[in-house]
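# Survey of secondary and tertiary structure
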Amino acid sequence: MVSFTIQNVLIAASDDYATVDVQIVDGAIAAIAPNLPVIGTVIDGKNKLLLPGFFNAHTHSSEMWQRGIMSVLPLELWLAELYDFAPLDTEQVYLSALGTAVETLLSGGTSVVDHLVLIPGLELETIATATRAYREVGIRAFIAPLIQDESLSAGIPSGESARTHEPYHRSTAATLEIIEEAVRQFHRPDEGVNILVAPTGIQLCSNALFAGCIELSDRYNLCRHSHLLETRAQEKLAQEKYGCTAVEHLKRIGFLSDRTTLAHCVWLNDADIAILAETQSTVVHNPLSNLRLGSGIAPILKYRQAGVNVTFGCDGASSNDSQDLLEAIKMGSILHNITDSDYQHWITPRQAVEMASLGGAKGLNLADNLGSLSVGKQADLVLYDLTNLSLLPRTDPIGLLVLGRPNNVVDSVWVNGKQIVADGKVTTINVDELRQELFNRSQWETKRKSETVAQIEAHYRTVMGL
Ligand SMILES: [Zn+2]
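Residues numbered from 1 in each chain as written. Predicted model: local features only at pLDDT ≥ 70, side-chain atom pairs only at ≥ 80, totals over all residues.

A few words now on the overall build of the protein chain. Helix and strand content of the protein chain: 15 helices and 18 strands. Taking 2.2 N^0.38 as the reference for a compact globule, 466 residues should give roughly 23 Å; the C-alpha atoms of the protein chain span a radius of gyration of 22 Å, in line with that estimate. Once the C-alpha set of the protein chain is aligned to its principal axes, its extents read approximately 70 × 50 × 45 Å. Looking at the protein chain as a whole, 51% of its 466 residues are labelled buried. Summarising the internal contacts of the protein chain: among those between residues at least 6 apart in sequence, 75% fall at separations of at least 24. (Helix = DSSP H or I, 4+ residues; strand = E, 2+ residues; numbered from the N terminus. Rg over C-alpha atoms; globule rule 2.2 N^0.38 Å. Buried ≥ 20, exposed ≤ 12 C-beta atoms within 10 Å, placed from the backbone. Contact = placed C-beta atoms within 7 Å.)

Have a look at this one:
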């Protein structure tokens, strides 16, 4: 295993900064102090800031193929359009997973949670392909195959009308078998590849599917991931389906736990928030997606005051439409200043950094191994170039990193002590080739019509009172 020493690097100390050396031995942080003896290769940390890697704690990599083109629609209609044009070959899955990894790394992330959309009939191949892409890049991967067992129209509340839905194309049992096989084949936490159980959410999943996921999670020690109450329509739907809130229901069936991460969490009430705190569940905040789809502003300050762990995600690139983690962190911090006039509750840049790093590690049950610069933890590290124009003049480096508009500021990235970005460039794959492939396999287009949107829009408008 590699060993190296980062010399004269700036790190955050309590309320201040310190210049130190950081020794990495066998992929772990061995010592942090000024003037350490050199072990292994020397990395010059002068005029650079070292932070623990962030978590892109919720995304859908294959959405990259539709970024920029999706209509301006709320989630339920947006999803219909998304699926009408979803990529159907694994080569596209491979390229968009590479692209997602690269953009995550170059905006400070060392881990990605990919709530991976599966190609029907090629489910295991899709998972294998994403796994291969993430292994090649070297980013720490949490692959959460997106599963459901109800058809799309079931995700919209019925309202007054009695509605029936087409059965989903695959049985619940067959879906769970795919996940179990994926765990057998690809779940290798020691090698940086993790499989999660990831029912897409209460809107499209039966209790049997949730129960099967909980059982797999317990048997194989897997983290759990799901969307939760992203939209007002889902809040209505939960009442129709269960006669209680989605959070009460998920608690009742045992899905909430200290290794459960829940994306969005926009429409929760105070009792729901107390349940998240009590079950030690983690909220993944996706501010840009929530704005893009008009989903709402998640009550993040309330979560923090209630002691709920919060971290950040970019969400898929069709609802963002990028994978810039620093942008998500900035927006996810300052957005909430307008929700509470008591400025003492507002999120500071240092708190935002901790949410993005340790918050993600906690949610994935890895707080003992990742998420902070601590001796003994694994070396998932990011080195920022403080001489970059966007980080000048010299003020408070973390303040400017979070509140500014940092541009190409990531100098080096290590995952488990292995360097995968150097001099601002990903070293493990050929990014120029990736650009060429993305270019060649796409075209400029502006007009396309989603048939599914046309079919469901009238009902959606009626039931939502529009
Ligand atoms: Zn999502």
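Having seen the model, we can carry on.
So, about the sheet that holds strand β13 (residues 282-285). Here four strands make up an open sheet; going across it, the order is β11-β12-β13-β14 and the pairing parallel. The open sheet is flanked by β11 (224-228) and β14 (309-312), the only strands paired with a single partner. Mean inter-strand twist for the sheet, computed between neighbouring axes without regard to direction, equals 30°. (Pairing = 2+ DSSP bridges. Axes fitted to C-alpha atoms, helices over the stretch in contact; angles between N-to-C directions.)

Summarising the element assignment, M464 is placed in the segment after α15 (451-463). Sequence spacing of M464 and I156 is 308 residues, and the spatial spacing of their C-alpha atoms is 9.4 Å.

A word on the domain arrangement of the protein chain. According to the domain assignment, the protein chain contains domain 1 (3-51 + 375-427) and domain 2 (53-363). For domain 1 and domain 2, the distance between their C-alpha centres works out to 29 Å. With 19 residues of domain 1 at the contact, the number on the domain 2 side is 21 residues. Of all the elements in the fold, those that place two or more residues in the side of domain 1 that touches domain 2 are β15 (381-385), α13 (397-403), β16 (410-415) and β17 (418-422). Per-element accounting of the side of domain 1 that touches domain 2 gives the leading share, five residues, to α13. When grouped by side-chain class, the residues that make up the side of domain 1 that touches domain 2 number 15 nonpolar, two polar and two charged. (Domains from an automatic or database assignment. Nonpolar A, V, L, I, M, F, W, Y, C, P; charged D, E, K, R; others polar.)

A few words now on the UniProt feature "domain: Amidohydrolase-related" (unreviewed entry) in the protein chain. As recorded in UniProt, the sites labelled "domain: Amidohydrolase-related" (unreviewed entry) are residues 50-419. Helix makes up 39% of residues 50-419 and strand 17%. Its end C-alpha atoms lie 14 Å apart. (UniProt positions renumbered as here; feature names shortened; annotations may be inferred.)

Take the nonpolar core next. One finds L50, A101, L105, V137, I143 and L196 to be the most contacted residues of the largest nonpolar core, which totals 130 residues. Looking at which element gives the most residues to this core, the answer is helix α2 (residues 90-105), with eight residues. Lining this core are residues from two domains, each supplying at least three of them: domain 1 (3-51 + 375-427) and domain 2 (53-363). Dropping the residues within four chain positions of it, I143 is found in contact with D114, L116, I127, A130, T131, V193, N194, I195 and L196. (Core = buried A, V, L, I, M, F, W, Y, C linked by C-beta atoms within 7 Å.)

Let us now look at the environment of C223. Mapped onto the elements of the fold, C223 is located in the loop between α5 (207-220) and β11. For the pair C223 and N365, spaced 142 residues apart in the sequence, the C-alpha separation amounts to 7.4 Å. The contacts of C223, once residues within four sequence positions are left out, are L196, R259, T261, L364 and N365.

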